[in-house]
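Chains, contacts and geometry: an overview
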Amino acid sequence: MGFFKKLILGFFVLIVLGIVAAFGMQYYYETFYEKVPVEVKSDTVSGDVFYLSHILEPGKYKIEAGGTGVVKGIKILDPDTNEVVSSYEDTSSMIYGSSKPFVVRVDYAPPNPDESYTAKVGIYRLVKK
């Protein structure tokens, strides 16, 4: 087997392992952790808007964003400087853990220009069962 075939095979094995690990983590947190609501909100809005949480204490959290609008991304901000610590585009559900306090920002866009829509967000602290 040539070098390039081994390289391509190794690349695909790494991709498969990454996908398995991501689903394995999701299953682990959903099975062994309880979701305790911290902030759960829903509102009817129009135009590009964002949701900004209060300062969240260190720990593991599940962040779910949705509604009838388009979730453009979820950002984790430093509460002291408002600088972006992490940015997640094209996702509406994620698990985030931190040893420092942080703030969650969710950006929404209308499904159609000048149309009202519902923006929903749920932030849940993950507590071991």
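Here goes a summary of the coordinates provided. (Residues numbered from 1 in each chain as written. Predicted model: local features only at pLDDT ≥ 70, side-chain atom pairs only at ≥ 80, totals over all residues. Heavy atoms only, no water.)

What follows concerns the overall build of the chain. Broken down by element type, the chain carries one helix and eight strands. Reading the helices (α) and strands (β) of the chain from amino to carboxyl end gives α-β-β-β-β-β-β-β-β. Taking 129 residues into account, the globule formula puts the C-alpha radius of gyration at 14 Å, and the chain, at 18 Å, lies well above it. Taking the principal axes of its C-alpha atoms as reference, the chain extends roughly 60 × 40 × 30 Å. Taken across its 129 residues, the chain has 29% of its residues classed as buried. Intrachain contacts of the chain at a sequence separation of at least 6 include 78% that bridge at least 24 residues. In the form shown here, the chain has an accessible surface area of approximately 8400 Å², with 60% of it arising from carbon and sulfur atoms. (Helix = DSSP H or I, 4+ residues; strand = E, 2+ residues; numbered from the N terminus. Rg over C-alpha atoms; globule rule 2.2 N^0.38 Å. Buried < 20%, exposed > 50% of the residue type's maximum accessible area, 1.4 Å probe, protein only. Contact = heavy atoms within 4.5 Å. Areas by Shrake-Rupley, 256 points an atom, 1.4 Å probe, with all protein chains shown as cover.)

Each strand in a sheet pairs with another by means of backbone hydrogen bonds, the pair being arranged parallel or else antiparallel. Strand order in the open sheet made by the four strands is β2-β7-β4-β5, with antiparallel pairing throughout. Where the open sheet ends on each side, the last strands, each with one partner, are β2 (49–52) and β5 (84–89). Going across the sheet, the axis of each strand differs from the next one's by a mean of 20°, ignoring polarity. Where strand β4 (residues 70–77) lies against β5, five bridges are found, and the strand directions are antiparallel. Looking at the pairing, glycine 73 lines up with glutamate 89 of β5. (Pairing = 2+ DSSP bridges. Axes fitted to C-alpha atoms, helices over the stretch in contact; angles between N-to-C directions.)

Glancing now at the packing of aromatic side chains. All told, the structure shown has eight aromatic pairs when counted by the stated rule. Pairing phenylalanine 11 with phenylalanine 12 gives two aromatic rings, centres 5.7 Å apart and planes at 70°, and the pair type is edge-to-face. What makes phenylalanine 12 partly exposed here is its relative accessible area of 49%. Between tyrosine 28 and tyrosine 33, the aromatic rings sit 5.8 Å apart at their centres with planes inclined by 65°, giving edge-to-face as the arrangement. For tyrosine 28, a relative accessible area of 32% corresponds to the partly exposed category. Following the ring pairs from residue to residue traces out a cluster consisting of Tyr28, Tyr29, Phe32 and Tyr33. One residue, lysine 35, lies across the ring of tyrosine 124, its end atom 4.5 Å from the ring centre. (Phe/Tyr/Trp six-rings, centres within 6.5 Å; stacked < 30°, edge-to-face > 60°. Lys NZ or Arg CZ within 6 Å of the ring centre and 35° of its normal.)

So yeah, pure geometry; function would need other evidence.
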